[in-house]
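If you want the building blocks of each chain, they are given just below.
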Amino acid sequence: MKINWFSPLPPAQTDIADYTMRLLPALQERAEITLWTNQSTWDVEIEKYAKVRGYHIEVMPWAEINRGDLNIYHIGNNADFHADIWLVSRQCPGLIILHDSKLQDFFINIYREKWGDRQGYLEQMQRYYSSSGKESAEACWDDTISTDCLAENYPLTPLVLENSIGVITHNQEDYENLSQENRWLVGYIPLPYKSKFNHLPKIKLNISPPYKLIIFGYINTNRRLEVVLEALSNFNPNNAFVLHIYGQILALNSINEKIKTLGLSDRVKIHGFVEESELDTALANADLAINLRYPTMGEASGSQLRIWSHALPSLVTNIGWYANLPEDTVAFIRHDREIEDIQQQLQNFLNNPKEFAAMGKQGKKLLQKQHTPEIYAEAIVSFAQKVNQSRSQFLSLIHISEPTRPYKSSRMPSSA
């Protein structure tokens, strides 16, 4: 099968680029893959597994694209990486891999920041959610309410799926909800992760404070960093943990100020975005990861899979995809009792670090059982064949549309 694969590519600073890189060795054994990108540069290592072709949304190479059997489009919540992919998908229907199921951040960024098209955004919200959606959209546009609040009731997911033939989700709950609509071929496949660490490490024994906590990734408000800082600031004993933060912090100045105000300067270390090898070393040396999400955007967590690859115990919010994780693989935090639960779990760790180490070991076993790239690649090619066979039936029901709003390409700079 010849597949056109539209996705961010390394070194783009998104886990979806890393996901593509992890998957390609297994995927190229089962299909002929052409990678399509609007990036001006990419990691040449990826060309060992697939051809890479560039595109500009203003002048698409449709003749070459149409030689493929099926287009697969990867959609996440970051418009910088996925806006052009969405626009291509509207003109040439295919299979969408839905990495996030609540897409208000995605669309508010496109319509407000990229296009400056208030009326177009309000029309879409009116179309899908009637007058109540439009009124809430007006408040969000004017920053009266946050996109996080809006996404809970008005995710705007149908807009990104409007012209799709099929959709794959990594979240069982999203799969069930989308299947009930009976509008697309819908598949569920657990998110893949290729662990470089095949042997389970020994359970840590005889470790002593200060223990190393770690948070990493793209850290915005829903990662609950401020709440973690507050929990640490009045935790007794207060010198038991040092928090290491890796990645991009959206409100860095505000976080730095909060660290000083709470008197945490000697217990919180901000490292910024680092190379993958350095992050892996940090995870290997950590004692406990914090991977909170509230609100969740419906995503399955590549970060969680990476944590498990190091057999590292972790704290997660008991919501969305995370709520369905086995209780022996993670420690749960209630979203309405965050500080209380964080402090209790930290105390539990101090009381029995061996139990937490065993939790990380169970997570590693689950990763190796359910999340291998080989299982995922087999499932996605099989599902793509079903979608391709149903193409004519679905195309008869789809209205092919081109973007009609003011638009500048979301092409990423060469430094992405």
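Residues numbered from 1 in each chain as written. Predicted model: local features only at pLDDT ≥ 70, side-chain atom pairs only at ≥ 80, totals over all residues. Heavy atoms only, no water.

Regarding the side chain of Asn291
- Counting through the fold element by element, Asn291 comes out in strand β11 (residues 288–291).
- A distance of 3.0 Å separates polar atoms of two side chains, one belonging to Asn291 and the other to Gln304.
- The residues touching Asn291, leaving out its near neighbours within four places in the chain, are Arg223, Ser301, Ser303, Gln304, Ile307, Leu315, Val316, Thr317 and Tyr322. (Helix = DSSP H or I, 4+ residues; strand = E, 2+ residues; numbered from the N terminus. Polar contact = N/O pair within 3.5 Å; in protein donor to acceptor, adjacent residues only side chain to side chain. Contact = heavy atoms within 4.5 Å.)

As for the pairing of β11
- Across the two faces of β11 the burial is the same, with Leu288 and Ile290 and Ala289 and Asn291 all buried.
- Direction of pairing for strand β8 (residues 211–219) relative to β11: parallel, over a ladder of 2 bridges. The residue of β11 that forms the bridge with Leu213 is Leu288.
- Bridging between β11 and strand β12 (residues 314–317) involves 3 bridges; their strand directions are parallel. What sits directly across from Asn291, in β12, is Val316. (Buried < 20%, exposed > 50% of the residue type's maximum accessible area, 1.4 Å probe, protein only. Pairing = 2+ DSSP bridges.)

Some words on unusual backbone geometry
- Residue Pro10 is joined to Pro11 through a cis peptide bond whose omega torsion reads 15 degrees.
- Mapping Pro11 onto the fold places it in the loop between β1 (2–6) and α1 (15–27).
- In the segment running from Tyr294 into Pro295, the intervening peptide bond is cis, with an omega of -5 degrees.
- With respect to the helices and strands, the residue Pro295 is situated in the loop between β11 and α12 (302–309).
- Notably, Asp143 is not glycine yet its phi reads approximately 65 degrees, a positive angle.
- The residue Asp143 is located in the loop between α5 (118–141) and α6 (147–153) in this model.
- One non-glycine residue with positive phi stands out, namely Arg224, at about 65 degrees.
- Among the secondary structure elements, Arg224 is positioned in the loop between β8 and α9 (225–233).

The quantities given are spatial measurements derived from coordinates; they are silent on function.
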